[in-house]
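# Structural overview for review
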Amino acid sequence: MKREHEAVGETVEEKTIHDHELIIVGAGPAGLCAALYAGRSEMDAVMIEAGFPGGQLLLTELVDDYPGLENVGGMELAQKMADHAKKFGVEPTRGHVQKVRREEDGHFLVEVEGGTVYRAPAVVYTAGGTPRPLDVPGEKEYMGRGVSYCAICDGAFFKGEDITVIGGGDSAVEEGEFLTRYGSSVTLIHRRDELRAQAVLQHRFLKNEKTEVVWDTVVEEILGDGENVTGLALRNVKTDERSELSTTGVFIFVGFTPNVAVVDFHVEHDSAGYIVTDRDMRTDVPGFFVAGDVRSQLIRQITTAVGDATTAVFAAEKYLQDLEEGHGAGAEAPAEARETQAV
Ligand code: NAP
(Lines give C-alpha, C1' and ligand atoms only; values in the text may rest on other atoms or scores of the structure.)
Protein backbone atom coordinates (compact mmCIF):
# COMPACT_ATOMS: atom_id res chain seq x y z
CA MET A 1 0.00 0.00 0.00
CA LYS A 2 1.64 3.26 -1.08
CA ARG A 3 -0.17 6.47 -0.30
CA GLU A 4 0.44 9.96 -1.69
CA HIS A 5 2.07 11.38 1.41
CA GLU A 6 5.65 12.20 0.47
CA ALA A 7 7.59 14.42 2.87
CA VAL A 8 6.53 17.90 1.84
CA GLY A 9 8.80 20.23 3.78
CA GLU A 10 5.87 22.54 4.56
CA THR A 11 6.80 25.32 7.00
CA VAL A 12 4.35 26.23 9.76
CA GLU A 13 5.21 28.47 12.71
CA GLU A 14 8.85 28.42 11.57
CA LYS A 15 8.97 24.65 11.88
CA THR A 16 9.47 22.30 8.97
CA ILE A 17 6.73 19.69 8.90
CA HIS A 18 7.32 16.39 7.15
CA ASP A 19 4.19 14.44 6.35
CA HIS A 20 4.18 10.66 6.36
CA GLU A 21 1.67 7.87 6.62
CA LEU A 22 3.25 6.36 9.70
CA ILE A 23 5.79 7.52 12.27
CA ILE A 24 7.76 4.93 14.22
CA VAL A 25 9.28 6.38 17.38
CA GLY A 26 12.38 4.46 18.50
CA ALA A 27 14.68 2.00 16.75
CA GLY A 28 15.16 -0.80 19.24
CA PRO A 29 14.08 -4.31 18.23
CA ALA A 30 10.42 -3.22 18.22
CA GLY A 31 11.07 -0.10 16.14
CA LEU A 32 13.33 -1.91 13.69
CA CYS A 33 10.81 -4.70 13.25
CA ALA A 34 8.01 -2.15 12.77
CA ALA A 35 10.18 -0.48 10.11
CA LEU A 36 10.72 -3.82 8.37
CA TYR A 37 7.01 -4.60 8.18
CA ALA A 38 6.04 -1.04 7.27
CA GLY A 39 8.64 -1.19 4.48
CA ARG A 40 7.37 -4.56 3.28
CA SER A 41 3.83 -3.11 3.18
CA GLU A 42 5.20 -0.19 1.12
CA MET A 43 3.93 2.31 3.67
CA ASP A 44 5.39 5.79 3.69
CA ALA A 45 6.99 5.43 7.13
CA VAL A 46 9.66 7.35 8.99
CA MET A 47 11.50 5.85 11.99
CA ILE A 48 12.98 8.37 14.44
CA GLU A 49 15.78 7.44 16.80
CA ALA A 50 18.00 9.62 18.97
CA GLY A 51 21.01 7.31 19.07
CA PHE A 52 22.21 4.26 17.23
CA PRO A 53 19.60 1.68 16.24
CA GLY A 54 19.37 -1.32 18.54
CA GLY A 55 18.04 -0.04 21.86
CA GLN A 56 18.77 -2.46 24.69
CA LEU A 57 20.49 -4.79 22.21
CA LEU A 58 23.42 -2.39 22.21
CA LEU A 59 23.84 -3.12 25.93
CA THR A 60 23.66 -6.89 25.49
CA GLU A 61 26.81 -8.80 24.78
CA LEU A 62 25.32 -12.09 23.68
CA VAL A 63 21.74 -12.95 22.81
CA ASP A 64 21.03 -16.64 23.29
CA ASP A 65 17.25 -16.71 23.37
CA TYR A 66 16.28 -15.49 19.92
CA PRO A 67 14.91 -18.49 18.02
CA GLY A 68 17.28 -19.72 15.36
CA LEU A 69 20.17 -17.50 16.46
CA GLU A 70 21.67 -19.38 19.36
CA ASN A 71 24.58 -17.07 20.09
CA VAL A 72 24.50 -13.75 18.38
CA GLY A 73 26.10 -10.53 19.61
CA GLY A 74 23.61 -7.84 20.63
CA MET A 75 25.23 -5.27 18.35
CA GLU A 76 25.39 -7.76 15.49
CA LEU A 77 21.69 -8.54 15.81
CA ALA A 78 20.88 -4.81 15.97
CA GLN A 79 22.87 -4.22 12.78
CA LYS A 80 21.18 -7.15 11.03
CA MET A 81 17.74 -5.84 12.01
CA ALA A 82 18.62 -2.31 10.83
CA ASP A 83 20.00 -3.65 7.52
CA HIS A 84 16.91 -5.77 7.04
CA ALA A 85 14.57 -2.78 7.54
CA LYS A 86 16.75 -0.65 5.25
CA LYS A 87 16.43 -3.27 2.53
CA PHE A 88 12.70 -2.55 2.56
CA GLY A 89 13.25 1.19 2.45
CA VAL A 90 12.98 2.38 6.07
CA GLU A 91 16.14 3.64 7.75
CA PRO A 92 16.42 5.36 11.13
CA THR A 93 16.18 9.15 10.92
CA ARG A 94 18.28 10.77 13.63
CA GLY A 95 16.25 12.88 16.00
CA HIS A 96 15.78 13.40 19.69
CA VAL A 97 12.01 13.34 20.17
CA GLN A 98 10.84 16.15 22.45
CA LYS A 99 7.07 15.85 22.17
CA VAL A 100 4.44 13.65 20.60
CA ARG A 101 1.28 15.71 20.22
CA ARG A 102 -2.14 14.92 18.87
CA GLU A 103 -3.96 17.50 16.78
CA GLU A 104 -7.72 18.01 16.82
CA ASP A 105 -8.04 16.31 13.43
CA GLY A 106 -6.43 13.16 14.88
CA HIS A 107 -3.01 13.62 13.27
CA PHE A 108 0.09 13.21 15.39
CA LEU A 109 2.97 15.67 15.48
CA VAL A 110 6.34 14.31 16.55
CA GLU A 111 8.67 17.18 17.36
CA VAL A 112 12.39 16.56 17.46
CA GLU A 113 15.16 18.70 18.89
CA GLY A 114 16.10 21.41 16.43
CA GLY A 115 12.55 22.19 15.33
CA THR A 116 11.78 19.50 12.77
CA VAL A 117 8.26 18.12 13.06
CA TYR A 118 6.93 14.89 11.60
CA ARG A 119 3.19 14.55 11.05
CA ALA A 120 1.19 11.41 10.40
CA PRO A 121 -2.25 9.98 11.05
CA ALA A 122 -0.70 6.97 12.82
CA VAL A 123 2.21 6.35 15.17
CA VAL A 124 3.87 3.13 16.33
CA TYR A 125 5.50 4.18 19.59
CA THR A 126 8.42 1.95 20.60
CA ALA A 127 10.41 4.24 22.90
CA GLY A 128 11.34 1.47 25.38
CA GLY A 129 12.54 2.21 28.88
CA THR A 130 15.41 3.68 30.86
CA PRO A 131 17.20 1.87 33.70
CA ARG A 132 15.56 2.71 36.99
CA PRO A 133 17.81 4.28 39.62
CA LEU A 134 18.09 2.75 43.07
CA ASP A 135 17.51 6.17 44.64
CA VAL A 136 19.96 5.92 47.51
CA PRO A 137 22.55 8.40 48.79
CA GLY A 138 25.81 8.23 46.85
CA GLU A 139 24.22 6.91 43.65
CA LYS A 140 24.20 10.18 41.72
CA GLU A 141 27.47 11.33 43.25
CA TYR A 142 29.38 8.24 42.12
CA MET A 143 27.67 7.67 38.78
CA GLY A 144 30.45 6.94 36.31
CA ARG A 145 32.91 6.66 39.22
CA GLY A 146 31.95 3.17 40.29
CA VAL A 147 28.17 3.25 39.78
CA SER A 148 26.97 1.90 36.45
CA TYR A 149 23.81 0.65 34.73
CA CYS A 150 25.56 -1.15 31.86
CA ALA A 151 27.86 -4.14 32.28
CA ILE A 152 28.98 -4.21 28.65
CA CYS A 153 29.85 -0.54 28.66
CA ASP A 154 31.71 -0.41 31.98
CA GLY A 155 32.57 -3.95 33.09
CA ALA A 156 36.13 -3.81 31.76
CA PHE A 157 36.95 -0.90 34.10
CA PHE A 158 36.70 -3.30 37.05
CA LYS A 159 39.14 -5.98 35.98
CA GLY A 160 40.35 -7.96 39.01
CA GLU A 161 38.13 -5.96 41.39
CA ASP A 162 35.20 -6.88 43.63
CA ILE A 163 32.02 -6.08 41.76
CA THR A 164 28.51 -5.84 43.20
CA VAL A 165 25.25 -6.20 41.31
CA ILE A 166 21.93 -4.98 42.71
CA GLY A 167 18.63 -6.60 41.70
CA GLY A 168 17.17 -10.05 41.22
CA GLY A 169 15.64 -10.00 37.72
CA ASP A 170 16.93 -11.23 34.37
CA SER A 171 19.10 -8.16 33.86
CA ALA A 172 20.89 -8.41 37.23
CA VAL A 173 21.57 -12.11 36.88
CA GLU A 174 22.54 -12.07 33.21
CA GLU A 175 24.73 -8.97 33.51
CA GLY A 176 26.17 -10.33 36.76
CA GLU A 177 27.26 -13.48 34.98
CA PHE A 178 28.82 -11.38 32.23
CA LEU A 179 30.74 -9.36 34.84
CA THR A 180 32.48 -12.49 36.16
CA ARG A 181 34.81 -12.26 33.18
CA TYR A 182 36.22 -9.03 34.65
CA GLY A 183 35.73 -9.05 38.42
CA SER A 184 37.61 -11.20 40.87
CA SER A 185 34.22 -11.64 42.54
CA VAL A 186 30.63 -10.69 41.71
CA THR A 187 28.26 -10.32 44.66
CA LEU A 188 24.58 -9.96 43.93
CA ILE A 189 22.48 -8.15 46.52
CA HIS A 190 18.80 -9.01 46.42
CA ARG A 191 16.03 -7.70 48.62
CA ARG A 192 14.21 -11.05 48.83
CA ASP A 193 15.17 -14.71 49.37
CA GLU A 194 14.22 -15.71 45.84
CA LEU A 195 15.37 -14.43 42.46
CA ARG A 196 12.89 -13.19 39.89
CA ALA A 197 15.18 -14.13 36.98
CA GLN A 198 14.45 -17.03 34.60
CA ALA A 199 15.70 -20.39 35.90
CA VAL A 200 18.20 -20.88 33.09
CA LEU A 201 19.86 -17.55 33.86
CA GLN A 202 19.84 -18.21 37.61
CA HIS A 203 21.57 -21.57 37.20
CA ARG A 204 24.24 -20.11 34.97
CA PHE A 205 24.92 -17.33 37.47
CA LEU A 206 24.84 -19.45 40.63
CA LYS A 207 27.12 -22.18 39.31
CA ASN A 208 29.87 -19.68 38.48
CA GLU A 209 32.54 -19.95 41.19
CA LYS A 210 33.07 -16.20 41.28
CA THR A 211 29.49 -15.40 42.25
CA GLU A 212 27.76 -15.02 45.57
CA VAL A 213 24.28 -13.84 46.58
CA VAL A 214 23.45 -11.76 49.63
CA TRP A 215 19.75 -12.43 50.26
CA ASP A 216 17.09 -10.30 51.97
CA THR A 217 19.27 -7.27 51.82
CA VAL A 218 18.91 -3.71 50.59
CA VAL A 219 21.47 -1.04 49.86
CA GLU A 220 21.08 1.98 52.10
CA GLU A 221 23.99 4.00 50.77
CA ILE A 222 26.74 3.83 48.20
CA LEU A 223 29.94 4.75 49.98
CA GLY A 224 32.99 6.42 48.51
CA ASP A 225 36.15 8.37 49.25
CA GLY A 226 35.00 11.48 47.40
CA GLU A 227 36.59 10.21 44.18
CA ASN A 228 35.37 6.65 43.65
CA VAL A 229 33.08 4.03 45.15
CA THR A 230 34.61 2.10 48.03
CA GLY A 231 31.67 0.11 49.40
CA LEU A 232 28.03 -0.26 50.27
CA ALA A 233 26.05 0.23 53.45
CA LEU A 234 23.63 -2.70 53.65
CA ARG A 235 20.63 -3.67 55.76
CA ASN A 236 19.15 -7.11 56.15
CA VAL A 237 15.39 -6.62 55.82
CA LYS A 238 14.57 -9.65 58.02
CA THR A 239 16.96 -9.06 60.92
CA ASP A 240 17.49 -5.30 60.46
CA GLU A 241 21.20 -6.01 60.85
CA ARG A 242 23.44 -3.42 59.21
CA SER A 243 26.77 -4.15 57.52
CA GLU A 244 29.26 -2.74 55.06
CA LEU A 245 30.52 -4.45 51.94
CA SER A 246 33.76 -3.44 50.29
CA THR A 247 33.37 -3.02 46.52
CA THR A 248 34.57 -0.71 43.76
CA GLY A 249 32.01 -1.40 41.05
CA VAL A 250 28.26 -1.21 41.70
CA PHE A 251 26.01 -2.27 38.83
CA ILE A 252 22.35 -1.42 39.35
CA PHE A 253 19.65 -3.48 37.58
CA VAL A 254 16.42 -2.80 39.44
CA GLY A 255 14.11 -2.53 36.45
CA PHE A 256 13.12 0.05 33.89
CA THR A 257 11.06 3.19 33.73
CA PRO A 258 8.98 3.41 30.56
CA ASN A 259 9.90 6.30 28.27
CA VAL A 260 6.55 8.06 28.12
CA ALA A 261 7.41 11.59 29.24
CA VAL A 262 7.34 12.98 25.68
CA VAL A 263 3.78 11.83 25.06
CA ASP A 264 1.79 15.02 25.38
CA PHE A 265 -1.75 13.62 25.50
CA HIS A 266 -3.51 11.24 27.82
CA VAL A 267 -3.12 7.57 27.00
CA GLU A 268 -4.13 4.78 29.35
CA HIS A 269 -1.23 3.34 31.32
CA ASP A 270 -0.77 0.89 34.18
CA SER A 271 0.32 1.74 37.72
CA ALA A 272 4.00 1.55 36.70
CA GLY A 273 3.50 3.91 33.76
CA TYR A 274 3.60 1.34 30.94
CA ILE A 275 1.11 2.03 28.13
CA VAL A 276 -1.89 -0.28 27.99
CA THR A 277 -2.87 -1.80 24.64
CA ASP A 278 -5.28 -4.38 23.38
CA ARG A 279 -4.03 -7.55 21.69
CA ASP A 280 -3.58 -5.63 18.43
CA MET A 281 -1.31 -3.04 20.06
CA ARG A 282 -4.03 -0.38 19.90
CA THR A 283 -4.17 2.10 22.76
CA ASP A 284 -7.22 4.07 23.84
CA VAL A 285 -6.02 6.85 21.50
CA PRO A 286 -7.05 6.12 17.90
CA GLY A 287 -4.00 5.90 15.61
CA PHE A 288 -1.52 5.55 18.49
CA PHE A 289 -0.05 2.05 18.58
CA VAL A 290 2.56 0.82 21.05
CA ALA A 291 5.09 -2.01 20.87
CA GLY A 292 7.99 -3.37 22.90
CA ASP A 293 9.25 -2.54 26.37
CA VAL A 294 7.10 0.57 26.80
CA ARG A 295 3.95 -1.55 26.60
CA SER A 296 2.23 -2.95 29.68
CA GLN A 297 2.84 -6.69 29.54
CA LEU A 298 3.98 -9.70 31.51
CA ILE A 299 7.47 -10.02 30.07
CA ARG A 300 9.85 -7.94 27.98
CA GLN A 301 11.96 -9.89 25.55
CA ILE A 302 13.37 -9.25 22.09
CA THR A 303 10.91 -11.85 20.83
CA THR A 304 7.93 -10.13 22.46
CA ALA A 305 9.10 -6.74 21.13
CA VAL A 306 9.26 -7.94 17.54
CA GLY A 307 5.94 -9.76 17.92
CA ASP A 308 4.30 -6.59 19.25
CA ALA A 309 5.79 -4.56 16.42
CA THR A 310 4.58 -6.91 13.71
CA THR A 311 1.04 -6.73 15.06
CA ALA A 312 1.23 -2.96 15.60
CA VAL A 313 2.16 -2.28 11.97
CA PHE A 314 -0.63 -4.42 10.59
CA ALA A 315 -3.10 -2.80 12.99
CA ALA A 316 -1.84 0.64 11.94
CA GLU A 317 -2.20 -0.28 8.29
CA LYS A 318 -5.76 -1.42 8.92
CA TYR A 319 -6.44 1.83 10.79
CA LEU A 320 -5.19 3.89 7.85
CA GLN A 321 -7.28 1.87 5.42
CA ASP A 322 -10.34 2.44 7.59
CA LEU A 323 -9.57 6.17 7.69
CA GLU A 324 -9.32 6.29 3.92
CA GLU A 325 -12.61 4.52 3.62
CA GLY A 326 -14.17 6.89 6.14
CA HIS A 327 -14.45 4.46 9.03
CA GLY A 328 -11.93 6.22 11.30
CA ALA A 329 -13.80 5.75 14.55
CA GLY A 330 -13.70 1.98 14.12
CA ALA A 331 -10.02 2.04 14.91
CA GLU A 332 -10.46 2.71 18.61
CA ALA A 333 -9.93 -0.33 20.78
CA PRO A 334 -13.18 -1.57 22.28
CA ALA A 335 -12.73 -1.23 26.06
CA GLU A 336 -13.90 -4.78 26.75
CA ALA A 337 -11.26 -6.18 24.38
CA ARG A 338 -8.33 -4.50 26.09
CA GLU A 339 -6.05 -6.67 28.14
CA THR A 340 -5.02 -4.55 31.10
CA GLN A 341 -2.00 -6.36 32.41
CA ALA A 342 -0.75 -4.26 35.27
CA VAL A 343 2.93 -4.96 35.91
P1 NAP B 1 12.76 -6.63 36.56
O2 NAP B 1 12.38 -7.93 35.95
O3 NAP B 1 11.70 -5.62 36.83
O4 NAP B 1 13.55 -6.94 37.90
C5 NAP B 1 13.97 -5.91 38.74
C6 NAP B 1 14.63 -6.52 39.95
O7 NAP B 1 15.12 -5.48 40.76
C8 NAP B 1 13.69 -7.39 40.79
O9 NAP B 1 14.35 -8.52 41.25
C10 NAP B 1 13.31 -6.45 41.92
O11 NAP B 1 13.09 -7.13 43.14
C12 NAP B 1 14.56 -5.62 42.08
N13 NAP B 1 14.27 -4.27 42.57
C14 NAP B 1 13.39 -3.39 42.08
N15 NAP B 1 13.43 -2.25 42.78
C16 NAP B 1 14.37 -2.42 43.74
C17 NAP B 1 14.86 -1.60 44.78
N18 NAP B 1 14.42 -0.35 44.97
N19 NAP B 1 15.82 -2.11 45.58
C20 NAP B 1 16.29 -3.36 45.39
N21 NAP B 1 15.86 -4.18 44.42
C22 NAP B 1 14.91 -3.71 43.60
O23 NAP B 1 13.83 -5.83 35.66
P24 NAP B 1 14.96 -6.39 34.67
O25 NAP B 1 15.70 -7.49 35.25
O26 NAP B 1 15.71 -5.18 34.26
O27 NAP B 1 14.14 -6.94 33.43
C28 NAP B 1 13.21 -6.07 32.74
C29 NAP B 1 12.50 -6.90 31.66
O30 NAP B 1 13.43 -7.28 30.65
C31 NAP B 1 11.92 -8.21 32.22
O32 NAP B 1 10.70 -8.46 31.58
C33 NAP B 1 12.96 -9.24 31.84
O34 NAP B 1 12.40 -10.53 31.68
C35 NAP B 1 13.49 -8.68 30.51
N36 NAP B 1 14.89 -9.14 30.30
C37 NAP B 1 15.08 -10.35 29.69
C38 NAP B 1 16.37 -10.82 29.49
C39 NAP B 1 16.57 -12.14 28.83
O40 NAP B 1 15.60 -12.81 28.51
N41 NAP B 1 17.76 -12.61 28.58
C42 NAP B 1 17.46 -10.07 29.93
C43 NAP B 1 17.22 -8.84 30.56
C44 NAP B 1 15.93 -8.41 30.75
P45 NAP B 1 11.81 -8.08 43.35
O46 NAP B 1 12.10 -9.34 42.61
O47 NAP B 1 11.76 -8.26 44.82
O48 NAP B 1 10.66 -7.32 42.81
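Description of the structure in this document.

About the criteria used
- Residue indices begin from 1 for each chain and proceed along its sequence in written order.
- Reporting in this predicted model follows two pLDDT cut-offs: at least 70 for local features of residues, and 80 or more for side-chain atom pairs to be given and counted; totals over whole chains, interfaces and linings ignore these cut-offs and use all residues.
- For side-chain calculations, the full set of non-hydrogen atoms in the structure is used, while hydrogens and water are omitted.
- Only protein chains enter the accessibility calculation, which uses a 1.4 Å probe; a residue whose area is less than 20% of its type maximum is buried, one above 50% is exposed, and one in between is partly exposed.
- Under the DSSP-based scheme used, a helix requires at least four consecutive residues in state H or I and a strand at least two consecutive residues in state E, with every element numbered from the N terminus.
- Between any two strands, pairing holds if DSSP finds at least two bridges.
- The rule for a salt bridge is simple: a side-chain nitrogen of Lys or Arg has to be within 4 Å of a carboxyl oxygen of Asp or Glu.

Take the pairing of strand β10 (residues 117-120) next. Burial of the side chains of β10 extends over both faces: Val117 and Arg119 are buried on one face and Tyr118 and Ala120 on the other. By the bridge criterion, three bridges tie strand β2 (residues 15-19) to β10 in an arrangement that is parallel. Within β10, the residue paired with Asp19 across the bridge is Arg119. Alignment of strand β9 (residues 108-112) against β10, held across four bridges, turns out to be antiparallel. Its bridge partner being in β10, Glu111 is matched across the sheet by Val117. Adjacent in sequence and paired antiparallel, β9 and β10 are bridged by four residues, among which Gly114 carries a positive phi angle near 100 degrees.

So, on to the pattern of salt bridges. Throughout the structure, instances matching the rule amount to 15 salt bridges. Linking Asp64 and Arg204 is a salt bridge whose minimum nitrogen-to-oxygen distance equals 2.9 Å. Placement of Asp64 in the loop between β5 (62-63) and β6 (72-73) and of Arg204 in helix α5 (residues 199-206) is noted, with a sequence separation of 140 residues between them. In this structure, Glu111 and Arg101 form a salt bridge, with 2.7 Å as the shortest nitrogen-oxygen distance. Here the residue Glu111 occupies a position in strand β9, and Arg101 occupies one in strand β8 (residues 97-102), the gap between them amounting to ten residues.

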